[in-house]
Amino acid sequence: MEYTQLGRTGLKVSRLVLGTMNFGPLTDEADSHAIMDAALSAGVNFFDTANVYGWGENKGRTEEIVGSWFAKGGARRDKTVLATKVYGSMAAEGDPWPNQDKLSALNIRRAVDASLKRLGTDYIDLYQFHHVDRDTPWDEIWQAIDVLVTQGKILYAGSSNFAGWHIAQANEAARRRGSLGLTSEQCLYNLAERRAEMEVVPAAQHYGLGVIPWSPLNGGLLGGVLRKQREGGGSRSVGGRAADALADQAQRAKIEAYEDLCDKHGLQPGDVGLAWLLTRPGVTGPIVGPRTADQLESALRAVELELSGEFLAALEDIFPGPGPSPEAFAW
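None of the values given here were measured: they were computed from a predicted structure. (Residues numbered from 1 in each chain as written. Predicted model: local features only at pLDDT ≥ 70, side-chain atom pairs only at ≥ 80, totals over all residues. Heavy atoms only, no water.)

**Things to note about the overall build of the chain**
Here is step 1: Looking only at helices and strands, the chain features 13 helices and 10 strands.
Here is step 2: On the principal axes, the C-alpha backbone points of the chain span a range of 55 × 55 × 40 Å.
Here is step 3: The long-range share in the chain, meaning contacts at least 24 apart out of those at least 6 apart in sequence, stands at 76%.
Here is step 4: Split by element, the accessible area of the chain, about 14900 Å² in all, is 50% carbon and sulfur.
Here is step 5: If the 33 positive side-chain charges of the chain are averaged to one point and the 42 negative ones to another, these points end up 3 Å apart. (Helix = DSSP H or I, 4+ residues; strand = E, 2+ residues; numbered from the N terminus. Contact = heavy atoms within 4.5 Å. Areas by Shrake-Rupley, 256 points an atom, 1.4 Å probe, with all protein chains shown as cover. Lys, Arg positive; Asp, Glu negative; His and termini not counted. Charge placed at Lys NZ, Arg CZ, Asp CG, Glu CD.)

Right, dumping it as structure tokens:
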């Protein structure tokens, strides 16, 4: 496994991030523990979760599964860089009581304590804002975060799904307070969805944030979806963004060209999609969310895969980026 610094911090994290969103809803506790053990054995030390994972009536369940894995001992917690998130509502179904979501100082205080309890730990390495809160001023948010850092409950703060100007707004507010500010941005970014390159990635690089792409295979679209359909095993792979893209003939043609290129070079499309992200400036590592140990093993191959300049150019021809900002939309 390769390691890198998380943005401008001194924290070293693996180039692959283990996403846990499937733990609970799709993967039971025993299999989830096996996947985490396999990831740690392979050198993956960066685990990502969120307080709302588990979803519906089971919100918080994923954090509990991670916590029960930590409780097994064996230095599991000490070896893991743990990231979780706050923003989504934790209110019970049918009980929309106020102050149980978003980024008020009150919700941040309550949410971090609840996550710590579920996770069975006394600190969180990276505490991420799951979304932008347009109703709460940044001075209030950073005041709450500074208190948590002082208390030792969190070490770093990060963002997710922020626009470039949100990153600038947040870190300029932190600078005025003398606070460290955001250290990472978790965003939708992959070969087929490159809009983050226009302003999010440049803003992250300017302010020293590590970029953590989620959905690196665009909902399965870049994982060999057409091949799986032909082989009769793609029923689970075609949904959400993947289904929408395949319904568009122009997008489908791009995926066909992509899979043909991978076949020509004897490479697996999913490996290529992850390996491409590892070549992108500012990227710390993509989040992989395996449902099974086999899927994790497949993702681990990407770290060792080196893509030639010729191959990268061919990928660029199929999935051209938006270009730099503002030149992409102005002279």
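Structure's up, so let's keep going.
**Looking at the layout of surface pockets**
Here is step 1: Put simply, the largest pocket is a space of about 1400 Å³.
Here is step 2: In terms of lining residues, the largest pocket is bounded by 46 residues, among which Asn22, Gly219, Gly220, Gly289 and Arg291 are the most central.
Here is step 3: A breakdown of the residues in the lining of the largest pocket according to their chemical character gives 15 nonpolar, 22 polar and nine charged.
Here is step 4: Estimated volume of the second largest pocket: approximately 190 Å³.
Here is step 5: Looking at the lining of the second largest pocket element by element, the count peaks at three residues for strand 8 (residues 182-188). (1 Å grid on protein atoms, 1.4 Å probe; cavity = no way out; pocket = protein on both sides within 12 Å on 5 of 7 lines; lining within 4 Å. Points joined across faces, edges and corners; volume = space filled by probe spheres on them. Nonpolar A, V, L, I, M, F, W, Y, C, P; charged D, E, K, R; others polar.)

**Focus on the packing of aromatic side chains**
Here is step 1: This structure, assessed with the given rule, holds nine aromatic pairs.
Here is step 2: Pairing Trp138 with Phe162 gives two aromatic rings, centres 6.1 Å apart and planes at 65 degrees, and the pair type is edge-to-face. Of this pair, Trp138 sits in helix 5 (residues 138-151) while Phe162 sits in the loop between strand 7 (154-160) and helix 6 (164-177); the two residues are 24 residues apart in sequence, bridging distant segments of the chain. A single burial state applies to Trp138 and to Phe162, both of which are buried.
Here is step 3: A connected cluster of aromatic rings, assembled from ring pairs, spans Phe129, Trp138, Trp142 and Phe162.
Here is step 4: When the ring centre of Phe70 is taken as origin, the NZ or CZ atom of Arg77, which lies over that ring, is 5.4 Å away.
Here is step 5: Taking the ring centre of Tyr123 as reference, the NZ or CZ of Arg77 above it sits at 4.1 Å. (Phe/Tyr/Trp six-rings, centres within 6.5 Å; stacked < 30°, edge-to-face > 60°. Buried < 20%, exposed > 50% of the residue type's maximum accessible area, 1.4 Å probe, protein only. Lys NZ or Arg CZ within 6 Å of the ring centre and 35° of its normal.)

**Digging into unusual backbone geometry**
Here is step 1: In this model, Ser325 is joined to Pro326 through a cis peptide bond whose omega is 5 degrees.
Here is step 2: Along the chain, Pro326 turns up in the segment after helix 13 (309-318).
Here is step 3: Positive phi outside glycine occurs at Asn99, with the angle close to 65 degrees.
Here is step 4: Mapping Asn99 onto the fold places it in the loop between strand 5 (81-86) and helix 4 (105-119).

**Overview of the packing of helix 6 against helix 7 (residues 200-207)**
Here is step 1: Two elements in contact, helix 6 and helix 7, have axes separated by 7 Å at closest approach and are oriented at 20 degrees. For the element pair helix 6 / helix 7, the angle class is roughly parallel. The segment helix 6 lies against helix 7, with Gly164, Ile167, Ala168, Asn171 and Glu172 engaging Val200, Ala203, Ala204 and Tyr207.
Here is step 2: Partitioning the contact of helix 6 with helix 7 into residue classes produces six nonpolar, two polar and one charged. (Axes fitted to C-alpha atoms, helices over the stretch in contact; angles between N-to-C directions. Parallel < 35°, antiparallel > 145°, perpendicular 65-115°, else oblique.)

**Observations regarding the environment of Gln229**
Here is step 1: The residue Gln229 is located in helix 8 (residues 225-230) in this model.
Here is step 2: When the C-alpha positions of Gln229 and Tyr87 are compared, they lie 37 Å apart, and in sequence the two are 142 residues distant.

**Quick word on the environment of Asp271**
Here is step 1: Positionally, Asp271 belongs in helix 11 (residues 269-278).
Here is step 2: Since its relative accessible area comes to 8%, Asp271 is described here as buried.
Here is step 3: Those residues in contact with Asp271, other than ones at most four positions away along the chain, are Ser298, Arg301, Ala302 and Leu305.

**Details of the nonpolar core**
Note on soluble globular proteins: their nonpolar side chains tend to be buried together.
Here is step 1: Core analysis: the biggest nonpolar cluster contains 81 residues, and Tyr127, Phe129, Trp142, Ile145, Tyr189 and Leu315 have the highest contact counts within it.
Here is step 2: When neighbours within four sequence positions are excluded, Tyr127 is seen to be in contact with Thr84, Lys85, Val86, Ile108, Ala111, Val112, Ile145, Leu148, Ile154, Tyr156, Ala157 and Gly158.
Here is step 3: Ranked by size, the runner-up nonpolar core spans 11 residues in total, among them Leu6, Val13, Val81 and Ile287. (Core = buried A, V, L, I, M, F, W, Y, C linked by side-chain atoms within 4.5 Å.)

**Topic: helix 5**
Here is step 1: With 14 residues, helix 5 extends 20 Å between its outermost C-alpha atoms, agreeing within 8% with the 20 Å of an ideal straight helix rising 1.5 Å per residue.
Here is step 2: Three or more residues of helix 5 are buried, namely Trp138, Ile141, Trp142, Ala144, Ile145 and Leu148. Here the buried residues of helix 5 occupy an arc of 160 degrees about the axis, which is enough to place them on one side.
Here is step 3: Where helix 5 is buried, its residues contact helix 4, strand 6 (124-129), strand 7, helix 6 and strand 8.
Here is step 4: Gly152 sits one or two positions beyond helix 5 and adopts a positive phi of about 80 degrees. (Expected span 1.5 Å × (residues − 1). Arc of directions from axis to C-beta.)

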